[in-house]
Amino acid sequence: MGVEGIGASVVRKEDRRFITGKGRYVDDIKLVGLTHAHFIRSPHAHAKIKSIDTSEAMKMPGVVGVLTGQQLVDDKIGNLICGWAITSKDGTGMKMGAWPAMAPETVRFVGQAVAVVIAETKNQARDAAEAVVVNYEELPAAADISASIKAGAPQLHPEAPGNVIYDWTIGDEGATDAAFKSAANVVSLDITNNRLVPNAMEPRAAIAEYNEPEEHFTLYTTSQNPHVARLVLSAFYNIAQEHKLRVVAPDVGGGFGSKIFIYPEEMVALWASKKVGRPVKWTGDRTEAFLTDAHGRDHLTKAEMAFDKDNKVTGLRVKTYANLGAYMSLFSSSVPTYLYATLLSGQYNIPNIFAEVISVYTNTVPVDAYRGAGRPEASFVVERLMETAARQLKVDPAELRRKNFITQFPHQTPVIMAYDIGDFNASLDAAMKAIDYAGFPVRKATAKSEGKLRGIGISCYIEACGIAPSKAVGSLGAGVGLWESAEVRVNPVGTIEVLTGSHSHGQGHETTFCQLIADRLGIPISQVQIVHGDTDKVQFGMGTYGSRSAAVGLTAILKAMEKVEAKAKKIAAHQLEASENDIVIENGEFKVTGTDKSIALPMVALAAYTAHNLPDGMEPGLKEGAFYDPTNFTFPAGAYICEMEVDSATGKSSFVNFVAADDFGRLINPMIVEGQVHGGLAQGIGQALLEGVVYDSSGQLVTASFMDYTMPRADDLPSFKLSHTTTLCPGNPLGVKGCGEAGAIGASAAVINAITDAIGNNKLEMPATPDRVWHAIHG
Amino acid sequence: MSTVKLTVNGKAVSAEVEDRTLLVHLLRENLNLTGTHVGCDTSQCGACVVHIDGRAVKSCTVLAGQAAGSSVTTIEGIAKGDELHPMQAAFRDNHGLQCGYCTPGMIMSAIDIVHRHSGKLDEETVRHELEGNICRCTGYHNIVKSVLDAAGRMKIAQAAE
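Please read all numbers here as calculations on a predicted model, not as lab measurements.

1. With respect to the overall build of chain B
Helix and strand counts for chain B stand at five helices and five strands. Its helices and strands taken in sequence order, chain B reads β-β-α-β-β-β-α-α-α-α from the N to the C terminus. Relative to the compact-globule value of 15 Å for 161 residues, chain B shows a C-alpha radius of gyration of 15 Å, a close match. With respect to the principal axes defined by its C-alpha atoms, chain B has extents near 45 × 35 × 25 Å. Burial status across chain B gives 56% buried among its 161 residues. The long-range fraction of contacts in chain B, counting pairs at least 24 apart against all pairs at least 6 apart in sequence, stands at 61%.

Structure representation (structure tokens):
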């Protein structure tokens, strides 16, 4: 490991622009002739649009145009799509209702766009929007799962009778039922996995520009995957042809999944830029983020675990209702199915698993992937069941887990996943040591003597990320492949540009990706530039989500680097009159082993481009590309333990300690990895203690601002104690696993297990607010 | 429309703005100082924090006209040329930022926190004082570390002056 190579906690290259206010986010971009868009949104959860009168608005100062959903239909702009096909247990396909970017006839959630005003200034667009008169006929609404599935519920889409999108199963139902019949003990739980809003701090934004003579569009947008955006906008939405559309995702202020999707506002901005013949900018405000960004989670689950007389798990049976909101967002169908039920085996050897997932429409914002996407929900089910079982069976929760840990790898679970490697005992040992698990009873007794309730909660999570082998996900219904691309360009002077299909919106790729190059060539990271986020510069790539940028994106860079190195060695050997097999690369030099002969990288690069003296038949230049398709998911796993103290008088829970022991394989930059864990833990803890979307029964979003939706703040969280155990991932040459989502996947169960342990009542829903905890204590 | 005259990052500036214009929009739209961000519409998130006459203020909560005659410092105005402010350096060295969007507001708030506590800060105080700044990326762990580190650096810098 060099000072800037793999394994070094290198300070981030990108930070200087962010800490000096020189970051360049979409809303910071200005174009000549820019106009501003403001959307008119439905105030009703479910209604027919009787009429839209734009005549007064058109007369308002500065108005350039007012466009409606009907005009989108007239221009044959496509409906939004869902890119993952799920088949119900009866063999039928999922029931997808039409989702137009602006509703021409029916609105199905509060906040759905029906029209847009384009004006010279943002304020003028906002003022004119007030003058657009939309006449609605209100319809009854189904605001949650229970309301959606009951008899006589309002029907959202004619395509989906009973509001059911699909009724999907996985696993062997008969064998699982048999395991329950012969069980010595059965543990069961009803679980609500609360609905969350991702709330990246940068609101979504889009700037669209149309060049009429070239028939060419440019879209600057807050995207985690600009190439996917371009593909979807061209192939499905009929707005621009792929080669006539440039999508740029510059600095993006957080995503957490919510910026994967291609939203109505980007579509409308592009379309409108051609309609009005001027560049169009839309920047969402926070309320629009609450009303339109894809939400996360929202499951109702009944889960049961069967044990034999030795406390070995023999079966797991799960039935989950998943709320997908009013429309099917881009990857929404896969989240409660292949990203959820395939992880229900957790870290345990469970011979029989059966899960049924029924996804339904409701009159709410569409739900899609949010940090963890299905895996936090699975982990919460398994780890709450384990803790509950330990209490019911009166055994130590750590020991019950150990008894059931998978210890042989590879391990094929009954729910598709084949775990490649792991050491679950090692991470649990590390976490128990870090929190002094053995000393807990004494601490609990001391707390009790001071009138406080003390509890400890374990969560041993596993997740599948680094998505994903294209062939495998294709066979499961994915509409895209999930490989990644890279290109390494060595410039004539020996500096290097790495073009990647991954996209950084906080993850630090501009540093970690350079570290690989520094490691391979022994050059400083200052000699390397990472290029990403622009479809005009970078070849097609799949973007960043599902903790894939290291395992898939960085491996693609490695593959391209290997080709560059092979060619560079040939050139060096030719220049040095040596055999290429004798060339080694050290400190930016190509050396002939066992001699003092060497040639520096810039000279090799220059030779490649002058092409005056290359080996016979060799093409000039030093630039190589690679597409890398992973062979398996990676399986990060770890143990989180949380110790909490509850004030029985107020119901307030306070952290005593939170420890995390993760196995992410090889760490490229431990500082950045730990930062990812911190952020994930905060989101998992936020779900457990603070965050929760509230709709009233009419479908009004009650929590639509930071005044009403409790974001974790600095004084809500503890400092975390992190440690790492290591099993190298055998599935990629770097041995890395994903680290971006683990915290959010494992944390919430640890917190709830700790509080329920403290209060002696296992019935507690998230978010475990002081009010809920107080009632759980006092009834 | 009104003409608003104020000092921003040490320079006298003048801008023609609608009366309803917020200071943050004057900074971003009229002066192209886009380091100051807007993350919410309810004065909760703190991405827009600047200093007005030396005090940390959410610039989305101040009309541009109210800032007339004031001296405003933004994130663009705290480094001395190439030399970062100790708070900026501490955020970089402690990985106190990820996506960078909340960072300018965090740094401006944090400088004010250190000033108000005359260099005497502990973790609990920093966490309490940062209540008006929301970060979704870092879990605050490294932000708190950065502020405590910077408090030490600022004390040393002050002593040296």
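2. Quick look at the sheet that holds strand S4 (residues 106-107) of chain A
All names here are of chain A. Strand order in the open sheet formed by three strands is S4-S2-S6, with antiparallel pairing between adjacent strands. Each edge of the sheet is formed by a strand with only one pairing partner; in this case those strands are S4 and strand S6 (133-138). Relative to S4, strand S2 (residues 47-53) runs antiparallel, the two being bridged by two bridges. When the bridges of S4 are listed, Ala 47 appears paired with Val 107.

3. Things to note about the packing of helix H10 (residues 375-393) of chain A against helix H11 (residues 397-404) of chain A
Residues and elements named next belong to chain A. Where H10 contacts H11, the axes come no closer than 9 Å and their chain directions differ by 115°. Relative to H11, the element H10 is oriented roughly perpendicular. You can see that H10 and H11 cross each other, and the crossing is right-handed. Mapping the contact onto sequence places Met 386, Glu 387, Ala 389, Ala 390 and Leu 393 in H10 and Pro 397, Leu 400 and Arg 401 in H11. For the contact of H10 with H11, a count of residues per class yields six nonpolar, no polar and two charged.

4. Digging into the interface of chain B and chain A
Contact residues are listed per partner, giving 45 residues for chain B and 42 residues for chain A. Among the secondary structure elements, those contributing two or more residues to the side of chain B that touches chain A are helix H2 (86-93), helix H3 (103-116), helix H4 (123-129) and helix H5 (141-160) of chain B. A per-class count over the side of chain B that touches chain A returns 20 nonpolar, 16 polar and nine charged.

5. Brief notes about the domain arrangement of chain A
All names here are of chain A. Domain parsing of chain A yields domain 1 (15-20 + 483-628), domain 2 (31-140 + 204-292) and domain 3 (299-468 + 632-778). One C-alpha centre belongs to domain 1, the other to domain 2; they are set 39 Å apart. At the interface, 14 residues of domain 1 touch 18 residues of domain 2. In the side of domain 1 that touches domain 2, the residues fall into three nonpolar, nine polar and two charged.

6. What to know about the sheet that holds strand S23 (residues 589-592) of chain A
All names here are of chain A. Taken together, the three strands give an open sheet; going across it, the order is S22-S23-S24, and neighbouring strands pair in antiparallel fashion. Of all the strands in the sheet, the pair left with one neighbour each is strand S22 (583-586) and strand S24 (598-600). Put simply, the sheet's adjacent strands are angled 25° from each other on average, direction ignored. Note that S22 and S23 share four bridges and pair antiparallel.

7. Focus: the domain arrangement of chain B
Residues and elements named next belong to chain B. Partitioning chain B into structural domains gives domain 1 (2-77) and domain 2 (86-160). Each of domain 1 and domain 2 has a C-alpha centre, and the two are 21 Å apart. Taken together, the contacts link 15 residues of domain 1 with eleven residues of domain 2. Broken down by secondary-structure element, the contributors of at least two residues to the side of domain 1 that touches domain 2 are strand S3 (49-52) and strand S4 (55-58). Ranked by the residues each element gives to the side of domain 1 that touches domain 2, the list is headed by S3, at three residues.

8. Thoughts on the nonpolar core
All names here are of chain A. Membership of the largest hydrophobic core comes to 313 residues, with the highest contact counts inside it found for Val 116, Val 117, Leu 344, Ile 557 and Ile 641. Looking at which element gives the most residues to this core, the answer is helix H16 (residues 549-576), with 13 residues. Those residues within four positions of Ile 557 in sequence are excluded, and the remaining contacts are Ala 486, Val 488, Val 498, Thr 500, Phe 513 and Leu 516.

9. So, helix H7 (residues 226-235) of chain A
Residue and element names in this part refer to chain A. Of all ten residues that make up H7, eight are buried, and the element is covered over most of its length. Taken together, the buried positions of H7 are Pro 226, His 227, Val 228, Ala 229, Arg 230, Leu 231, Val 232 and Leu 233. Residues of H7 that are buried sit in contact with strand S10 (216-221), strand S11 (245-248) and helix H8 (264-276).

10. A few points about the environment of Asp 293 of chain A
With respect to the helices and strands, the residue Asp 293 of chain A is situated in the loop between helix H9 (286-292) and strand S13 (299-307). Setting aside residues up to four positions removed in sequence, Asp 293 of chain A forms contacts with Val 197, Pro 198, Arg 204 and Ser 258 of chain A.

11. Observations concerning unusual backbone geometry
Phi is mostly negative for residues that are not glycine, and the peptide bonds are mostly trans. All names here are of chain A. Here the residue pair Phe 409 and Pro 410 is connected by a cis peptide bond, since its omega of -5° sits within 30 degrees of zero. Along the polypeptide, Pro 410 turns up in the loop between H11 and strand S16 (411-412). Residue Pro 767 follows Met 766 across a cis peptide bond; omega there is -10°. By secondary structure assignment, the location of Pro 767 is in the loop between helix H19 (742-759) and helix H20 (770-778). The phi dihedral of Asn 163 falls on the positive side, at around 65°, and the residue is not glycine. With respect to the helices, strands and loops of the structure, Asn 163 is situated in the loop between helix H5 (145-149) and strand S7 (164-171). The buried category is assigned to Asn 163, around which 25 C-beta atoms lie within 10 Å. In this model, Asp 436 sits at a positive phi of 50°, which is unusual for a non-glycine residue. Relative to the elements of secondary structure, Asp 436 occurs in the loop between helix H12 (424-435) and helix H13 (440-449).

Conventions used here
- Residues numbered from 1 in each chain as written.
- Chains lettered and ligands numbered in written order.
- Predicted model: local features only at pLDDT ≥ 70, side-chain atom pairs only at ≥ 80, totals over all residues.
- Helix = DSSP H or I, 4+ residues; strand = E, 2+ residues; numbered from the N terminus.
- Rg over C-alpha atoms; globule rule 2.2 N^0.38 Å.
- Buried ≥ 20, exposed ≤ 12 C-beta atoms within 10 Å, placed from the backbone.
- Contact = placed C-beta atoms within 7 Å.
- Pairing = 2+ DSSP bridges.
- Axes fitted to C-alpha atoms, helices over the stretch in contact; angles between N-to-C directions.
- Parallel < 35°, antiparallel > 145°, perpendicular 65-115°, else oblique.
- Left-handed = near helix turned anticlockwise from the far one by under 90°.
- Nonpolar A, V, L, I, M, F, W, Y, C, P; charged D, E, K, R; others polar.
- Domains from an automatic or database assignment.
- Core = buried A, V, L, I, M, F, W, Y, C linked by C-beta atoms within 7 Å.

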